[in-house]
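One letter stands for each residue in the lines below.
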Amino acid sequence: MTQAPPEASAQSPRSPKGWQRPPFWRLDSLIATWFGAGLLPKAPGTWGSLAALPFAAAIVWLGGPWALLAAAVLLFLVGIWASAKYAGSRADPGEVVVDEVVAQWLVIFPVALDLKLYLLAFVTFRVADILKPWPANWADRRIKGGLGIMLDDILAAPYAMVVCYLAWIWLGRNSCFPWTY
């Protein structure tokens, strides 16, 4: 008797009865879990945010902060599709972390040319994502489907963005707009 592979039989505690995790190699699975970061044990949102950082650095290095913003917008749109397809009827599965990736990129955008502030961007976004201040908490409760999965983190990101931008100014950077530095 053969046993189903773990990714085919794994169930989240918040899964509807009979829900089965889609195969990892499917495009929606790869994007929704950000290449498996959301499948790592304990704190998938933290793993997803952490996995976003090297991609952000590469995008900024190749195209600058505006390329990072464009990538975040594009990934937001793709993320709505991927998270909805992956999650099915589940509300907001923990292993779906593409929302953390997009929001982390948004938090990095104002300070994208200062790698020292990436750690601050990471920490402040994790705090904002966990606390879910208004309107993120409203979106988390009210908006369903792929848009709901993506939107609550996007709405938490501006809180962390403000902290990072104020740190940029406090550190005495020469420009009021980091991307012109």
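Here the structure is a predicted model, which is why all the values come from computation and not from measurement.

One pass over the full model with this rule turns up 5 salt bridges. Note that Lys-132 and Asp-129 form a salt bridge whose closest N and O atoms lie 2.7 Å from each other. Accessibility expressed as a relative area gives 16% for Lys-132, which makes it buried. Asp-153 is the partner of Lys-132 in a salt bridge, and the nearest nitrogen-oxygen pair spans 3.3 Å. On the criterion of sequence distance, the pair formed by Lys-132 in the loop between α6 (117–131) and α7 (136–142) and Asp-153 in helix α8 (residues 145–170) is long-range, its members being 21 residues apart.

What follows concerns the nonpolar core. Formed by 44 residues in total, the largest nonpolar core has its most connected members in Trp-34, Leu-75, Val-102, Trp-105 and Ile-108. Elements supplying a minimum of two residues to this core: α2 (27–32), α3 (44–63), α4 (65–87), α5 (98–108), α6 and α8. The leading source of residues in this core is α8, at 9 residues. Setting aside chain neighbours within four positions, we find Trp-34 in contact with Ala-51, Ala-52, Phe-55, Leu-75, Val-97, Val-98, Val-101 and Trp-105.

Turning next to the packing of aromatic side chains. We describe a pair of aromatic rings using the distance from one ring centre to the other and the angle between the two ring planes. Under the defined criterion, the tally for this structure stands at 5 aromatic pairs. Relative to Phe-35, the ring of Trp-34 has its centre 4.9 Å away and its plane inclined at 65°; by these criteria the two rings are edge-to-face. Judged by centre distance (5.1 Å) and plane angle (65°), the ring pair of Trp-66 and Phe-109 falls under edge-to-face. With Trp-66 in helix α4 and Phe-109 in the loop between α5 and α6, this pair connects stretches of sequence that are 43 residues apart. Of the residues examined, Phe-109 reaches a relative accessible area of 8% and is grouped as buried. Site record: aromatic cluster; members linked through ring pairs are Trp-34, Phe-35, Phe-55 and Trp-105.

Among all residues save glycine, negative phi is the norm, and among peptide bonds the norm is trans. Note the cis peptide between Trp-134 and Pro-135, where omega equals 10°. With respect to the helices and strands, Pro-135 occurs in the loop between α6 and α7. You will see that Ala-43, though not glycine, has its phi angle at about 55°, which is positive. With respect to the helices and strands, Ala-43 occurs in the loop between α2 and α3. The partly exposed category is assigned to Ala-43, whose relative accessible area is 43%.

Moving on to α6. For α6, which comprises 15 residues, the first-to-last C-alpha distance of 21 Å matches the rise-based estimate of 21 Å (1.5 Å per residue) to within 8%. Those residues of α6 that fall on the buried side of the exposure criterion are Leu-117, Tyr-118, Ala-121, Phe-122, Thr-124, Phe-125, Arg-126, Ala-128 and Asp-129. Immediately downstream of α6, the backbone of Lys-132 shows phi near 45°, a positive value.

Criteria and cut-off values
Residues numbered from 1 in each chain as written. Predicted model: local features only at pLDDT ≥ 70, side-chain atom pairs only at ≥ 80, totals over all residues. Heavy atoms only, no water. Salt bridge = Lys/Arg side-chain N within 4 Å of Asp/Glu carboxyl O. Buried < 20%, exposed > 50% of the residue type's maximum accessible area, 1.4 Å probe, protein only. Helix = DSSP H or I, 4+ residues; strand = E, 2+ residues; numbered from the N terminus. Core = buried A, V, L, I, M, F, W, Y, C linked by side-chain atoms within 4.5 Å. Contact = heavy atoms within 4.5 Å. Phe/Tyr/Trp six-rings, centres within 6.5 Å; stacked < 30°, edge-to-face > 60°. Expected span 1.5 Å × (residues − 1).

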